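Topology and contacts: notes
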Amino acid sequence: MGRVDVRAWSLAVEGATVRSTETPSGPAEAEGEARPAEPVVVLLPDAGMRAHEEFSFLLTVLGRRRRAIALDVEPIERAEEAVDAFARLVRATRGAIDAIAPAAPVALVGHGLGAAVATAIAADEGRVVALVLVAGWLAPSERTRVLARAWTTLHEEGSAALADLDALLLLGAPHLEERGREGLSRTLDVRARDGIAMLGCVDLRAAADRVRAPALVVGCARDAIVPEAESRALFAAIADSRYARVDSGHAVLAERPAELGRLVEEFVRCPEGRRAGAVLEGMRP
Amino acid sequence: MSAARAGHEDVEVLVVGAGFAGIGLGIRLARAGRRSFAILERAEEVGGTWRDNRYPGVACDIPSHLYSFSFRPKPDWSRVFAPGDEIREYLRECVREEGIGPHVRLGTEALEARWDEEEGRWRVRTNRGDWRARVLVLAAGRLADPRVPDLPGLAAFPGRSFHSARWPEGASVAGARVGVVGTGASAVQLLPHVVREAADVVVFQRSAPYVVPRRDRVYSREERELFARDPDALPELRSRLFWRAEEAFPQRLGAPGRIDALRDLARSHLESHVADPVLRAALTPDYEIGCKRVLLSDDYYAALQEPHVRLEPSALERVEGLRAIAASGRAHELDVLVFATGFQSTRPPYARRVVGRRGELLSEHWSHGMRAYASTVVHGFPNMFVLDGPNASLGHNSAIFMIETQVEYVLGALAHLDASARPLEVSAEAEDAYTREIDAASADTVWVRGGCTSWYRDESSGRLTLLWPDFAYAFRDRNGRFDPSPFVPDAAPVVAAASG
């Protein structure tokens, strides 16, 4: 209906194919009410996720008041090393944003691998005015290195157990119990494998140190892929950041999309609304 | 509690209605150490809509661990959707255990509430004496006054006839020929029970509802024990239930994918339960899902297909003796008529009894539909708060969350009034701007665009006046904290008010 209709198209950016899904711009506020220029919200998905699926809920929520774009970026050439592949992904994503939203202020929202890409872009991109890092990490831990290794090995062996294992890693126990795999959309393809490999080796300490944009870091209390402690480390590393915790597994967009939507909407509307260093209290319904 | 003086009782806060809203506010007032308040209740018992609705099968459509006060959790709800008598008992227990019983005046109906400009007080006339209060809280509810269609011949119907919310105590329909009028939330709950007893049943359907699986279940003994023992278990469950319910809101915006999934769920529920193509067609709604309340039932369609049950796919139009005649022209001979036809929600009768500044009736102020700043305060009606009134209901989440939000707002206003002698009157501009915001936010919702009529919208203006057109959390973020800035700066008593 009207403003929340989404459109999707593909375009070729230098060295990558990009599929973008977006809501039309245009405020849903009463006519005649002045509203300061809103940034374009760009949503970056986790490894193996399709942006339009993973962010379908957030697109609706955020797109009610501003332009919101979910981006799938796939570099055409694959790199041997995961660190190089990550650098390519970051470059291609920057290129895609330049092509789709040239010169506009941008709010970057990333989940998992998407959060890593967003952190890397925000380190060097002045027009990022708000940064939301959901289930993101600062530096690989021993746990994530082991996890990435085990995951990619099972993938290379074509293990039938991988789908089950992946669901266990992505979902918190209460969600799995009450709703099964509802909302889960990871495709266990080569993109997912490359993304998981990046989880085990991408170190964002230098990038996080350079981020000047106000950031909201969201950690997931039941995250078995990026343990909450690693998101908290990211919160501590970014100068102008605040932290919120959601009672969810890694797949927070499947488990708690509305709670995340509230956090992101409020932050994007007013990034400086909460002081740097604050730990936000969740709503107690 | 109250000081009797010069023929009236005097309190700081006078609350009208002892349902969920009135009781919730009463508990919070008492817990805050406020003693000067009274709750007027016209019935002989507390419980609001749960006291009134005692038809067989009555239950809540929101999970009970969410449809209860956050500040008074109940670890031993018997099932996900508790039956009505369990909710009624919960409310009674709240009153008893929180010690607010002495503040509740049963059998006391507020007949008129009038703002006294000189005293800066509300004067409230009841069937049992008069009251004077600094603050008036209308917590009279929206499911309080049954709406029974004014049908030709109904008054002379020789059989029994009653509204679902006035089901006579212990009344049985065994062996009777029963007409159930309406196919809303009450009807789908009571029909399976009526069908079990009655000899013959006709269901008058003006428009077909969407029905989705109920997914109810009992809580096991271990679960209930865990909720009682582990202090984290209930808050975690409540949060999960709340945020899960919130996921339904984008459906109301018609978000592609979301609304399709919900419609598919309802359609497949219909298709798997109703094989007959003619009946299935008659039970297929002709408007978008969510425009009217989405109903939860696992046994409604089965009940409709019992051999002694007929669906009359048109409205009941008139009554001639025992014959109930539908808009289709078909006549059905009946012994009992059950009106599951809803309530006077968008035009609450209490508004005709409240007189604000300059003699303005609240119902006049609301002549184009209910409106209030923060969904709670009304220009021209100082020191008055409306709970569960304009744009404070939800189609997708718990009413108790909304009530608690408004109660918090009222407590903030009371704290403000503690430090100020001036009455609080919201400015006309603030009320207008808020109303414009509501109208704009409603414009892209399924309630306005879904091609149906419903009790969510004002009949004459078409405005969405009952529902809050956003996430529930947005209501709390927007309206959960009292802010004095939109109030008239100098609302001191105007002695020489111009009269026209």
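Look above for the structure.
The shown structure was predicted, so the numbers you read here are calculated from the model rather than taken from an experiment.

**What to know about the environment of B:Glu44**
Residue and element names in this part refer to chain B. Mapped onto the elements of the fold, Glu44 is located in the loop between strand 3 (37-40) and helix 2 (49-52). For the pair formed by Glu44 and Thr108, sequence separation is 64 residues and the distance between their alpha carbons is 8.4 Å. When near neighbours in sequence (up to four residues on either side) are disregarded, Glu44 contacts Leu106, Gly107 and Arg128.

**Quick look at the nonpolar core**
In this structure, B:Phe20, B:Ile23, B:Phe69, B:Leu362 and B:Met384 are the most contacted members of the largest nonpolar core, which totals 155 residues. Two domains share this core, each providing at least three of its residues, namely domain 1 (3-145 + 344-479) and domain 2 (154-218 + 251-339) of chain B. Excluding residues within four positions of it along the chain, B:Leu362 makes contact with B:Leu138, B:Tyr350, B:Ala351, B:Val354, B:Val378, B:Phe381 and B:Met384. A:Leu44, A:Leu89, A:Leu138 and A:Ala208 belong to the second-largest nonpolar core, a separate cluster that totals 66 residues.

**Some remarks on the interface of chain B and chain A**
Across the contact, 32 residues belong to chain B and 31 residues belong to chain A. The contact between chain B and chain A buries some 2900 Å² in all, and 54% of this surface belongs to carbon and sulfur atoms. It is B:Arg240, B:Trp243 and B:Glu247 in chain B that bury the most area against chain A; as a group they hold 24% of the surface buried on that side. At the boundary of chain B and chain A, one finds 8 salt bridges. B:Glu247 is the partner of A:Arg179 in a salt bridge, and the nearest nitrogen-oxygen pair spans 3.0 Å.

**Considering the packing of aromatic side chains**
Enumeration over the complete set of coordinates arrives at 27 aromatic pairs over all chains. Here B:Phe69 and B:Tyr90 contribute two aromatic rings whose centre-to-centre distance is 6.2 Å and whose plane-to-plane angle is 35 degrees, an arrangement assigned as tilted. Of the two residues, B:Phe69 is situated in the loop between helix 2 and helix 3 (84-97) and B:Tyr90 in helix 3; the sequence distance between them amounts to 21 residues. Here the two residues B:Phe69 and B:Tyr90 agree in accessibility, since each one is buried. With 6.5 Å between their ring centres and 75 degrees between their planes, B:Tyr350 and B:Trp366 make a pair best called edge-to-face. Of the two residues, B:Tyr350 is situated in the loop between strand 17 (336-339) and strand 18 (354-355) and B:Trp366 in the loop between helix 11 (362-365) and strand 19 (384-386); the sequence distance between them amounts to 16 residues. Just as B:Tyr350 is buried, B:Trp366 falls in that class too. Clustering of aromatic rings is evident, with ring pairs tying together A:Phe57, B:Phe242, B:Trp243, B:Phe249, B:Phe401, B:Trp447, B:Trp455, B:Tyr456, B:Phe471 and B:Tyr473. Its end group placed over the ring of B:Phe71, B:Arg28 keeps NZ or CZ at 5.8 Å from the ring centre. Seen from the ring of B:Tyr287, B:Lys292 lies directly overhead, with NZ or CZ sitting 5.9 Å from the centre.

**Let's talk about the sheet that holds strand 14 (residues 316-320) of chain B**
Residues and elements named next belong to chain B. Spatial ordering of the open sheet is given by 14-15-16, a layout of 3 strands whose pairing is antiparallel. The sheet is open, and its two borders are formed by strand 14 and strand 16 (331-333), each paired with just one other strand. Going from strand to strand, the sheet's axes swing by 25 degrees on average, the running direction of each strand aside. Sheet topology places strand 14 next to strand 15 (residues 323-326); 4 bridges connect them, and they run antiparallel.

**Details of the environment of B:Ala340**
Residue and element names in this part refer to chain B. By the secondary structure assignment, Ala340 is in the loop between strand 17 and strand 18. For Ala340, a relative accessible area of 9% corresponds to the buried category. Between the C-alpha atom of Ala340 and that of Ser164, which follows or precedes it by 176 residues, the distance is 5.1 Å. If we skip the residues at most four places from it in the chain, Ala340 touches Ser164, Val181, Gly182, Ser186, Ala187 and Leu190.

**Overview of the pairing of strand 7 (residues 215-220) of chain A**
Residue and element names in this part refer to chain A. Burial runs high along strand 7: 6 of the 6 residues are buried. The two faces of strand 7 match: Ala215, Val217 and Gly219 on one face and Leu216, Val218 and Cys220 on the other face are all buried. As defined by bridge partners, strand 6 (residues 128-134) adjoins strand 7 across 4 bridges and the pair is classed as parallel. Residue Val132 lies in a different strand from strand 7, and its bridge partner there is Leu216. Of the strand pairs in this sheet, strand 7 and strand 8 (residues 241-246) are connected by 6 bridges, and their pairing is parallel. Paired with Val217 across the bridge in strand 8 is Tyr243. Regarding the hand of the β-α-β motif, the stretch spanning strand 7, helix 10 (residues 228-237) and strand 8 is right-handed.

**A short note on the state of the cysteines**
Defined simply, a disulfide is a covalent bond joining two cysteines at their sulfur atoms. Residues and elements named next belong to chain B. Applying the stated criterion across every chain, the model contains 1 disulfide over all chains. For Cys291, the disulfide goes to Cys452, at an S-S distance of 2.0 Å. In this structure, the disulfide formed by Cys291 and Cys452 twists by about -90 degrees around the S-S bond and is classed as left-handed. Taken together, the positions of Cys291 in the loop between helix 9 (277-282) and strand 12 (295-296) and Cys452 in the loop between helix 14 (446-449) and helix 15 (472-479) put the pair 161 residues apart, joining distant regions of the chain. With respect to class, Cys291 is no different from Cys452; both count as buried. Among the cysteines around Cys94, which has no disulfide bond, Cys60 carries the closest sulfur, lying 14 Å off. The buried category is assigned to Cys94, whose relative accessible area is 0%.

**As for the sheet that holds strand 9 (residues 177-181) of chain B**
Residues and elements named next belong to chain B. Read from one edge of the open sheet, 5 strands run 8-17-9-10-13, paired in parallel fashion. Of all the strands in the sheet, the pair left with one neighbour each is strand 8 (160-163) and strand 13 (309-312). Taken over all neighbouring pairs, the strand axes of this sheet differ in orientation by 15 degrees on average, direction set aside. Here 4 bridges tie strand 8 to strand 17, and the two strands are oriented parallel to one another. Bridge pairing in strand 17 links His163 to Phe339. Along the sheet, helix 4 (residues 185-197) makes contact with strand 9, strand 10 (200-204), strand 13 and strand 17, crossing strand 9 at roughly 170 degrees.

Quick notes on the rules
- Residues numbered from 1 in each chain as written.
- Chains lettered and ligands numbered in written order.
- Predicted model: local features only at pLDDT ≥ 70, side-chain atom pairs only at ≥ 80, totals over all residues.
- Heavy atoms only, no water.
- Helix = DSSP H or I, 4+ residues; strand = E, 2+ residues; numbered from the N terminus.
- Contact = heavy atoms within 4.5 Å.
- Core = buried A, V, L, I, M, F, W, Y, C linked by side-chain atoms within 4.5 Å.
- Buried < 20%, exposed > 50% of the residue type's maximum accessible area, 1.4 Å probe, protein only.
- Domains from an automatic or database assignment.
- Buried area = accessible area lost by both parts, 1.4 Å probe.
- Salt bridge = Lys/Arg side-chain N within 4 Å of Asp/Glu carboxyl O.
- Phe/Tyr/Trp six-rings, centres within 6.5 Å; stacked < 30°, edge-to-face > 60°.
- Lys NZ or Arg CZ within 6 Å of the ring centre and 35° of its normal.
- Pairing = 2+ DSSP bridges.
- Axes fitted to C-alpha atoms, helices over the stretch in contact; angles between N-to-C directions.
- Right-handed = clockwise from strand over helix to strand, strands pointing away.
- Disulfide = S-S within 2.5 Å.

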